[in-house]
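Residue-level listing of the chains:
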Amino acid sequence: MTEEQTRKSTKAVGVVGLAVMCSRVLGLVREMVFAALFGAGRNLDAFLMAFRMPNLLRDLFAEGALSMAFVTTFTKKITTDGDASAWGLACKVATLTGVFMSFVSLVGIVAAPWIIAVLAPGFDSEKAALTVLLAQIMYPFILLVSLAALVMGMLNAKHIFGVPALASSFFNVGSIIAGVGLGWGLDPEFGTLSLVGLAIGTLVGGFLQLAFQLPTLFRTGFRFTADFAWRDDGVRQILRLMGPAVVAASAVQVNVLVNSIFASYLEDGAISWLQIAFRLMQLPLGIFGVAIATVTLPLISRSAAQGNMPEFRVFLSRGVRLAVVLTLPATLGLMLLAEPIISIIYERGRFTAMMTAQTAAGLQFYALGLIAYSCIKVVTPAFYALDKRLIPMVVGFVAIATNLLLNWFFTFQLGMGHRGLALSTGLVAAINFTVLYFLISKASGGLHTRTLAVLMLKLVVAGGLLAAVCYWGGQWWLAGWGEMAFIWKCLKLGSLIGAAGGVYFAAAVALRVDEARELMDLFMRRVGRR
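Quick look at the structure, then.

1. Some thoughts on the side chain of Ser444
Tracing the chain through its elements places Ser444 in the loop between α15 (418-443) and α16 (449-477). You can call Ser444 buried: its relative accessible area is 3%. The residues contacting Ser444, other than those within four sequence positions of it, are Met309, Phe312, Arg313 and Leu386.

Dropping the structure here:
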């Protein structure tokens, strides 16, 4: 890997990271608005559970298996057969996706009562009926977001990362404006009926996520024509990759879904506490883990297609190291500062201090798996690039089974409630990554594990300094939190997070962590240009 390649890939990670950060922040704004309007209680539980299955299908099929399988195959097609052949494959897959996801949406609408009965067995009849109605409205979202994910895959394969990463921001903006506007029109008091407006707003947001990317796609040379010739080697390869990829990608999302099923037996608000906590954890996951995985996938796919295994190992090892360097400070920060972070973001309107404390408890346990989540995003696609698609599938099955066992043990045997559900998910993610890393290292001829181990030792020191700043600084700097004005809270918490992050990266650079130095150099070049 040349210095120029290193610089370009780091820059690409930065571009995607900034775009995804914008999207995740807007996602937080969306959650803040909904939480303030409804509180973390009965109505928000119903809305979140109704969106659970369409959102799960998005994560598994659209932005998970379909995106992964398509980018891998499409990149190889460009490398071996050229652009014209690749665009032909894209038309076939787009046509197939439109037809199949329309059918899935229709089935979801019809089967919603049975699906909700399985997903929320603890809901009473009135709450279940509301959840079914909202789910039926939102099921077409999976069609829109699947097409958006396909467009994202085409652009990423052409090394265009910023626009597709920013597209989900339009989903959040559309769902906020349309959802709140329609909700207010249906019920100015934002009671139960206004949830219908939020559900319709979700569809508006999905359409905007697709539409925003199309002009950039057309400028790359793509022209869509419906093509039903699905008996094609490229289409068959994508479908062969998708089956195992669905199971592999499902480990985290199915575990979160299982958490919601268990939480439906707990008190009102448990589903909302877990959802909000998971959303907060997804902010650094999206900024760092998804960004690194997005940039790494086309690189390792190209290396695998060319049979260049040394380059493959370099790209993959570096992706894992970047994920660790960037997510470790977020992990420690979320664990040590969970309550003030949630207080600033959510505690207003109908979202009370009790809800803040309960959500913070879930976030602290979820954060234990943040580094593993990010590394899984980077490592899993490597198996498909090497055509080892069954390995992540088997590991995913084991992860789901382990999560079920740990959920039952922590929640019902130890009485940890929703905290036990979050803890089991974090532990399972750590186990999942460890197994996947060992297997991909073996399959690729050996990753740079010794370098990773040395990096971890250095980061123990840098992370320890960050933790000390968060803990002791929090005790002193955030004293009297409950009596502070909102703007003063923001300034104090922001300065504490900035100081902790600065200490961490300064220590990492001093300890000669190459990835930290590259990121610091990139930042300084940007500042210098401005």
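2. A word on helix α5 (residues 141-157)
Along an α-helix, a turn takes 3.6 residues, which lines up residues three or four apart on a common side. If you check α5, its first and last C-alpha atoms are 24 Å apart, about what 17 residues at 1.5 Å a residue would give, namely 24 Å. The buried count for α5 comes to 15 of 17 residues, which makes it a mostly enclosed element. Of the residues flanking the end of α5, it is His159, one or two places downstream, whose phi is positive at about 60 degrees.

3. Some details on the packing of helix α10 (residues 309-336) against helix α13 (residues 370-385)
With their axes 7 Å apart at the nearest point, α10 and α13 run at an angle of 160 degrees to one another. Judged on the interaxial angle alone, α13 and α10 are roughly antiparallel. The two elements α10 and α13 cross, and the hand of that crossing is right-handed. Residue-level contacts link Phe312, Leu316, Gly319, Val320, Ala323, Val324, Thr327, Leu328, Ala330, Thr331 and Leu334 of α10 to Leu370, Ile371, Ser374, Cys375, Val378, Val379, Ala382 and Ala385 of α13. Broken down by class, the residue content of the contact of α10 with α13 amounts to 15 nonpolar, four polar and no charged.

4. Observations concerning the pattern of salt bridges
Across all of its chains, the model carries five salt bridges by this definition. Residues Lys158 and Asp83 are paired through a salt bridge, measuring 2.9 Å at the closest nitrogen-oxygen approach. With Lys158 in the loop between α5 and α6 (162-186) and Asp83 in helix α3 (residues 83-119), this pair connects stretches of sequence that are 75 residues apart. Relative accessible area serves as the criterion here: at 34%, Asp83 is assigned to the partly exposed category.

5. Regarding the packing of aromatic side chains
Counted under the stated rule, the structure contains 14 aromatic pairs. Geometrically, the ring pair formed by Phe141 and Phe171 is tilted, given 5.4 Å between the ring centres and 45 degrees between the ring planes. With Phe141 in helix α5 and Phe171 in helix α6, this residue pair connects regions lying 30 residues apart in the sequence. Pair check on accessibility: Phe141 and Phe171 agree, each one buried. Measuring from ring centre to ring centre gives 5.3 Å for Trp476 and Trp477, while their planes differ by 40 degrees; the resulting arrangement is tilted. Cluster of aromatic residues (ring-pair linked, three or more members): Phe51, Phe141 and Phe171. We note Lys127 situated over the ring of Phe123; from NZ or CZ to the ring centre the distance is 4.2 Å.

6. Overview of helix α12 (residues 353-366)
Its 14 residues place the ends of α12 20 Å apart at the C-alpha level, agreeing with the 20 Å of an ideal helix rising 1.5 Å per residue. Among the residues of α12, those classed as buried are Met355, Thr356, Thr359, Ala360, Ala361, Gly362, Leu363 and Tyr366.

Criteria and cut-off values
- Residues numbered from 1 in each chain as written.
- Predicted model: local features only at pLDDT ≥ 70, side-chain atom pairs only at ≥ 80, totals over all residues.
- Heavy atoms only, no water.
- Helix = DSSP H or I, 4+ residues; strand = E, 2+ residues; numbered from the N terminus.
- Buried < 20%, exposed > 50% of the residue type's maximum accessible area, 1.4 Å probe, protein only.
- Contact = heavy atoms within 4.5 Å.
- Expected span 1.5 Å × (residues − 1).
- Axes fitted to C-alpha atoms, helices over the stretch in contact; angles between N-to-C directions.
- Parallel < 35°, antiparallel > 145°, perpendicular 65-115°, else oblique.
- Left-handed = near helix turned anticlockwise from the far one by under 90°.
- Nonpolar A, V, L, I, M, F, W, Y, C, P; charged D, E, K, R; others polar.
- Salt bridge = Lys/Arg side-chain N within 4 Å of Asp/Glu carboxyl O.
- Phe/Tyr/Trp six-rings, centres within 6.5 Å; stacked < 30°, edge-to-face > 60°.
- Lys NZ or Arg CZ within 6 Å of the ring centre and 35° of its normal.

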